Amino acid sequence: MLSNKTDGPRRGRSFDSINKYYEEKQLNNELNKSTFNNADEHQDKILPSKREHAAITFSLKNEVGNLVKALKLFQENQVNLLHIESRKSRRSNSELEVLVDCDSERETLKEIIQLLKKQTSTVTMDSPEKLCFAEDDFSEERWFPRKISDLDKCANRVLMYGSALDADHPGFKDNVYRKRRKYFADLAMNYKHGDPIPRVEFTEEEVRTWGVVFRELNKLYPSHACREYLRNLPLLSQHCGYREDNIPQLEDVSRFLKERTGFTIRPVAGYLSPRDFLAGLAFRVFHCTQYVRHSSAPLYTPEPDTCHELLGHVPLLAEPSFAQFSQELGLASLGASDDAVQKLATCYFFTVEFGLCKQEGKLRAYGAGLLSSISELQHALSGSAKILPFEPKVTCRQECLITTFQEVYFMSESFEEAKIRMREFAKTIRRPFTVRYNPYTQSVCVLKDMPSINSVVEELRHELDIVGDALHRLNNHLGI
């Protein structure tokens, strides 16, 4: 069980806080067996002089749990992990290539190589400068989904959790809970685009846990949530069965969102990489967990669960302006460099997860991480939290905290303002092309030459003709 003692207030980690901090630290935290509040202490210590800096690359089967098993070898041998990257293997579609930037004694690194060869393939070690996944390496060949069904190729690249739980997880020693988690993970792993989301018969214990979270959060929403959230939550109660004694079915929620904003839900087994998660948003697809947190700690979860997804995210995904903001973040990530994706994921973290806005002169929350956490929701609007204006160039450099409250929160006057600022920021991302979403075919058009650009121009001319005709008819009707 996770200890109740922490250095700071605890909250559930959100599914989408998959950013630079997550890739470089959170995966490392998953592997060690120390408490969460001591996870980063090693980074503040001076490294011994005998330790060497190296980059190790290896390939492994793209299956849930394989990456964690490989990385545990580093933890067991006390190798410090500095950075982790992964990409689709060029040798096999069923494999991933993983780069681990680390430091340790050279003899230990040699031992790691031998151990990795027993469970992975194509293992190499060199200096980080020689083995990094360089920008030029990806600039022309970096794969990204072009149509919505392509998400089948990346939705199962789960990096953390799924059916495997850390030793500090509240449900780690509960065999019944672990079996239940495997059930949910299997549902998600077997899902394909176009399938109906399987309906789940939740247990009485799961419904009680949901009920505690639902009841306590609803006490705060009238005074803490933004007006858009408050407008959509009753609709979800009406159409999707949002009640204290009922856990909504993802299929019902997905159909509701489809009619409201074009967003759909896709079940997922656990954490995805920033690139894979943001890619889903580009197609107005939200990867959503379906399992419920452990009943022993209903107001805390070390990972995103269906309480976080359904109460934190869904009400605002039903808001058109917010849905568009989310999609544009996703579109900006397609084909972008790893550094750019990390910056976009950080902006996502401090807006979609922990964003604040001002309405009627008062601060209100719209971030899902806040709207699904009683303690942090109260803290963020207490008057004691540090609040800064949302500016992507500044926000993208802020560290994302996972186990304590954020050091700073970012506020926008409106979703429209946040969207405009993100559009300007997206223009600074270096790509030899831009992308445009086609809602009719649910595909992405890559605009990188004159024929593709001219095609968009023709479509826009037709749209402007419709607008011109509408204005002409309105003027005639008004006698102008």
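Everything that follows concerns the structure shown earlier in this document.
Considerations on the overall build of the protein
1) Next: Broken down by element type, the protein carries 19 helices and 12 strands.
2) Next: Per-residue burial for the protein yields a buried fraction of 55% across its 480 residues.
3) Next: A separation of at least 24 residues holds for 71% of the contacts in the protein among residues at least 6 apart in sequence.

Describing the nonpolar core
1) Next: One finds Tyr229, Tyr242, Leu257, Phe286 and Leu311 to be the most contacted residues of the largest nonpolar core, which totals 85 residues.
2) Next: In terms of residue count, the dominant contributor to this core is helix H14 (residues 338-353) (nine residues).
3) Next: Discounting chain neighbours no more than four positions away, the residues touching Leu257 are Gly262, Phe263, Ile265, Val314, Leu317 and Ala318.
4) Next: Leu81, Leu96, Ile112 and Ile113 belong to the second-largest nonpolar core, a separate cluster that totals 22 residues.

Things to note about a nonpolar patch on the surface
1) Next: Together, Val467, Leu471, Leu474, Leu478 and Ile480 line one region of the surface with nonpolar side chains, adding up to about 520 Å² of accessible area.
2) Next: Summarising the element assignment, Leu471 is placed in helix H19 (residues 450-478).
3) Next: Judged by its relative accessible area of 49%, Leu471 is partly exposed.

Things to note about the packing of aromatic side chains
How two aromatic rings sit relative to each other is set out by the distance from centre to centre and by the angle between their planes.
1) Next: A full pass over the atoms with the stated rule returns 16 aromatic pairs.
2) Next: Note on Phe283 and Tyr437: the rings are 6.1 Å apart at their centroids and 85° apart in plane angle, and the pair reads as edge-to-face. Linking Phe283 in the loop between helix H11 (274-282) and strand S6 (285-288) with Tyr437 in strand S11 (residues 434-438), this pair joins segments that are 154 residues apart in sequence. For the pair Phe283 and Tyr437, one class covers both residues: buried.
3) Next: An aromatic cluster of at least three residues, connected via ring pairs, comprises Phe322, Phe325, Tyr366 and Phe415.
4) Next: Here the guanidinium or amino end of Arg181 rests over the ring plane of Tyr291, the centre of that ring lying 3.6 Å away.

Description of the pattern of salt bridges
1) Next: Summed over all chains, the structure comprises 27 salt bridges.
2) Next: For Lys110, the salt bridge is made with Glu107, and the minimal N-O distance between the two is 3.8 Å. One end of the pair, Lys110, and the other, Glu107, are both in helix H3 (residues 106-119), three residues apart, so they sit about a helical turn from each other.
3) Next: Between Arg421 and Glu417 there is a salt bridge, and its shortest N-O distance comes to 3.8 Å.

Comments concerning the environment of Asp276
1) Next: Examined against the element boundaries, Asp276 turns out to sit in helix H11.
2) Next: According to the relative accessible area criterion, Asp276 is buried, its value standing at 6%.
3) Next: Sequence-wise, Asp276 and Lys153 are 123 residues apart; in three dimensions their C-alpha atoms are separated by 9.6 Å.
4) Next: Side-chain polar atoms of Asp276 contact the side chain of Arg157, separated by 2.8 Å.

Looking at the pairing of strand S10 (residues 409-412)
1) Next: Of the two faces of S10, the one holding Tyr409 and Met411 and the one holding Phe410 and Ser412 are both buried throughout.
2) Next: Looking at chain direction, strand S7 (residues 356-359) and S10 are connected through two bridges and run parallel. Bridging across to S10, Cys357 finds its partner in Ser412.
3) Next: Bridge analysis of strand S9 (residues 387-389) against S10 gives three bridges, and the strand direction is parallel. Paired with Ile387 across the bridge in S10 is Tyr409.

A closer look at the side chain of Arg431
1) Next: Looking at the secondary structure, you find Arg431 in the loop between helix H18 (415-426) and S11.
2) Next: The side chain of Arg431 is buried and forms no salt bridge, while Glu328, the nearest opposite charge, is found at 10 Å.
3) Next: At 2.6 Å, the side chain of Arg431 and the backbone oxygen of Leu334 are in polar contact.
4) Next: Excluding its chain neighbours within four sequence positions, the residues that come into contact with Arg431 are Leu331, Ala332, Ser333, Leu334, Gly335 and Ala336.

Regarding the packing of helix H13 (residues 320-333) against H18
1) Next: For the pair H13 and H18, the least separation of the axes is 9 Å and the interaxial angle reads 15°. Judged by the angle between their axes, H13 and H18 are roughly parallel. The element H13 and its partner H18 pack so that their crossing is left-handed. Contact residues: H13 offers Ser321, Phe322, Gln324, Phe325, Glu328, Leu329 and Ala332, while H18 offers Phe415, Ala418, Lys419, Met422, Arg423 and Ala426.
2) Next: Of the residues in the contact of H13 with H18, the class split is eight nonpolar, two polar and three charged.

Topic: the sheet that holds S9
Sheet strands associate in pairs through backbone hydrogen bonding, adopting either a parallel or an antiparallel arrangement.
1) Next: A sheet is described by the order of its strands in space; here four strands give the open sequence S8-S7-S10-S9, paired in mixed fashion. A single partner strand is all that each edge strand has here, and the edge strands are strand S8 (362-365) and S9. Direction aside, the axes of adjacent strands within the sheet are offset by 40° on average.

Some points on unusual backbone geometry
With the exception of glycine, the majority of residues adopt a negative phi angle, and the majority of peptide bonds are in the trans configuration.
1) Next: Although it is not a glycine, Gln78 sits at a positive phi angle of roughly 55°.
2) Next: For Gln78, the position within the fold is in the loop between helix H2 (66-76) and strand S2 (80-88).

Re the environment of Asp305
1) Next: Tracing the backbone through its elements, the reader meets Asp305 in the loop between S6 and helix H12 (306-317).
2) Next: Looking at Asp305, the relative accessible area reads 0%, which means it is buried.
3) Next: Sequence spacing of Asp305 and His294 is 11 residues, and the spatial spacing of their C-alpha atoms is 9.7 Å.
4) Next: Non-local contacts of Asp305, meaning those with residues more than four positions away in its chain, are made with Thr289, Tyr291, Val292 and Arg293.

As for the environment of Pro389
1) Next: Within the secondary structure layout, Pro389 lies in strand S9.
2) Next: Residue class for Pro389 comes out exposed when judged on its relative accessible area of 53%.
3) Next: A sequence separation of 22 residues divides Pro389 from Met411, and the C-alpha atoms of the two residues are 4.9 Å apart.
4) Next: Aside from chain neighbours lying at most four places away, what touches Pro389 is Phe410 and Met411.

Rules used throughout
- Residues numbered from 1 in each chain as written.
- Predicted model: local features only at pLDDT ≥ 70, side-chain atom pairs only at ≥ 80, totals over all residues.
- Heavy atoms only, no water.
- Helix = DSSP H or I, 4+ residues; strand = E, 2+ residues; numbered from the N terminus.
- Buried < 20%, exposed > 50% of the residue type's maximum accessible area, 1.4 Å probe, protein only.
- Contact = heavy atoms within 4.5 Å.
- Core = buried A, V, L, I, M, F, W, Y, C linked by side-chain atoms within 4.5 Å.
- Patch = residues over 30% accessible without salt bridge, like charges linked within 9 Å, V, L, I, M, F, W, Y side chains within 5 Å.
- Areas by Shrake-Rupley, 256 points an atom, 1.4 Å probe, with all protein chains shown as cover.
- Salt bridge = Lys/Arg side-chain N within 4 Å of Asp/Glu carboxyl O.
- Phe/Tyr/Trp six-rings, centres within 6.5 Å; stacked < 30°, edge-to-face > 60°.
- Lys NZ or Arg CZ within 6 Å of the ring centre and 35° of its normal.
- Polar contact = N/O pair within 3.5 Å; in protein donor to acceptor, adjacent residues only side chain to side chain.
- Pairing = 2+ DSSP bridges.
- Lys, Arg positive; Asp, Glu negative; His and termini not counted.
- Axes fitted to C-alpha atoms, helices over the stretch in contact; angles between N-to-C directions.
- Parallel < 35°, antiparallel > 145°, perpendicular 65-115°, else oblique.
- Left-handed = near helix turned anticlockwise from the far one by under 90°.
- Nonpolar A, V, L, I, M, F, W, Y, C, P; charged D, E, K, R; others polar.

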